[in-house]
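Inside the fold
In case you want the letters, here they are:
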Amino acid sequence: MAGVKALVALSFSGAIGLTFLMLGCALEDYGVYWPLFVLIFYAISPIPHFIAKRATYDSDATSSACRELAYFFTTGIVVSAFGFPVILARVSVIKWGACGLVLAGNAVIFLTIQGFFLIFGRGDEFSWEQW
């Protein structure tokens, strides 16, 4: 039952993050949909972790080159997702208020993704593979 509550909480926080992103795009003062390209970063951010988890078989090791490379690529993706709206606001494609809403949405979404991996990625009897 604790897993279901965690799943509902993660769903709720993901909806809050996407609401911030949509508000940054669709409010009448902003009205530009270029910040929606951060959805690509949301989709590709877990991919290095999945590849590293599949490629490394020794789970007892404290570190491996593949896992560290996956952390590096994931960090680059997350930093790019935070930098993209700032660059758009700097070149006056979007307004700074929209940039703030998109950055708030980024923070919530990436914390949701991290929470998902912390809760369901432990490899114990309750995992995300059951869903």
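From a predicted model like this one, the values you see are computed outputs, not experimental measurements.

1. Focus: the overall build of the chain
- Of regular secondary structure, the chain possesses 5 helices and 0 strands.
- Put simply, the chain has 131 residues, and 30% of those count as buried.
- A fraction of 64% describes how many contacts in the chain between residues 6 or more apart in sequence connect residues 24 or more apart.
- Summed over all atoms, the accessible surface of the chain reaches about 8,400 Å², with 70% contributed by carbon and sulfur.

2. Overview of the packing of aromatic side chains
- All told, the structure shown has 8 aromatic pairs when counted by the stated rule.
- Ring plane angle 40° and centroid distance 6.0 Å describe the contact between Phe82 and Phe110, whose orientation is recorded as tilted. With Phe82 in helix H4 (residues 65-90) and Phe110 in helix H5 (residues 96-120), this pair connects stretches of sequence that are 28 residues apart.
- Site record: aromatic cluster; members linked through ring pairs are Phe50, Phe116, Phe117 and Phe120.

3. So, the nonpolar core
- One finds Leu21, Val38, Phe41, Tyr42, Ile77, Ala81, Val102, Ile109 and Phe110 forming the largest nonpolar core, which totals 9 residues.
- Contributions of two or more residues to this core are made by helix H2 (38-44), H4 and H5.
- With residues up to four places along the chain from it excluded, the contact list for Leu21 reads Pro35, Leu36, Val38, Leu39, Tyr42, Leu101 and Val102.

4. Considerations on a nonpolar patch on the surface
- Side chains of Trp34, Phe37, Ile40, Ile44, Ile47, Ile51, Ile87, Val91 and Val93 sit close together on the surface and give an oily, nonpolar patch of about 830 Å² of accessible area.
- Elements that contribute at least two residues to the nonpolar patch include exactly H2 and helix H3 (47-55).
- Structurally, Ile44 is set in helix H2.
- Assessed through its relative accessible area of 34%, Ile44 is described here as partly exposed.

5. Quick word on the UniProt feature "transmembrane region" (unreviewed entry) in the chain
- The feature "transmembrane region" (unreviewed entry), as annotated in UniProt, sits at residues 6-25, 32-51, 71-89 and 101-121 in this numbering.
- For residues 6-25, the end-to-end C-alpha separation is 29 Å, with 100% helix and 0% strand making up the annotated structure.
- Secondary structure content for residues 32-51 is 60% helix and 0% strand, and the end C-alpha separation is 35 Å.

6. Concerning the environment of Thr75
- Inspection of the secondary structure assignment puts Thr75 in helix H4.
- In this structure the C-alpha to C-alpha distance between Thr75 and Ser45, which are 30 residues apart in sequence, comes to 8.5 Å.

Criteria and cut-off values
Here the residue index of a chain counts from 1 through its sequence in written order. Local features in this predicted model are restricted to residues whose pLDDT is 70 or higher, and side-chain atom pairs enter the listing and the counts only when it is 80 or higher, whereas totals over whole chains, interfaces and linings include all residues. Hydrogen atoms and water are omitted, and side-chain values are computed over all heavy atoms in the structure. Each helix corresponds to a stretch of at least 4 residues labelled H or I by DSSP, and each strand to a stretch of at least 2 residues labelled E; elements are numbered beginning at the N terminus. Type-normalised accessible area, obtained with a 1.4 Å probe on protein chains alone, sets the label of each residue: buried when under 20%, exposed when over 50%, and partly exposed for intermediate values. Here a residue-residue contact requires only that any non-hydrogen atoms of the pair lie within 4.5 Å. Shrake-Rupley sampling with a 1.4 Å probe provides the accessible areas, and residues are treated as covered by the protein chains on show and by no other component. Pairing of aromatic rings covers Phe, Tyr and Trp, the last counted by its six-membered ring, and requires centre-to-centre distances within 6.5 Å; plane angles under 30 degrees mean stacked, over 60 mean edge-to-face, and any other angle means tilted. Definition of nonpolar core: a set of buried residues of the types Ala, Val, Leu, Ile, Met, Phe, Trp, Tyr and Cys, connected through side-chain atoms within 4.5 Å. Only residues whose relative accessible area exceeds 30% and that form no salt bridge are eligible for patches; like-charged ones are grouped when within 9 Å, while nonpolar side chains (Val, Leu, Ile, Met, Phe, Trp, Tyr) are grouped when within 5 Å. Any carboxyl oxygen of Asp or Glu that lies within 4 Å of a side-chain nitrogen of Lys or Arg is treated as forming a salt bridge with it. UniProt positions are given in the numbering used here, feature names are shortened, and annotations may be inferred rather than shown by experiment.

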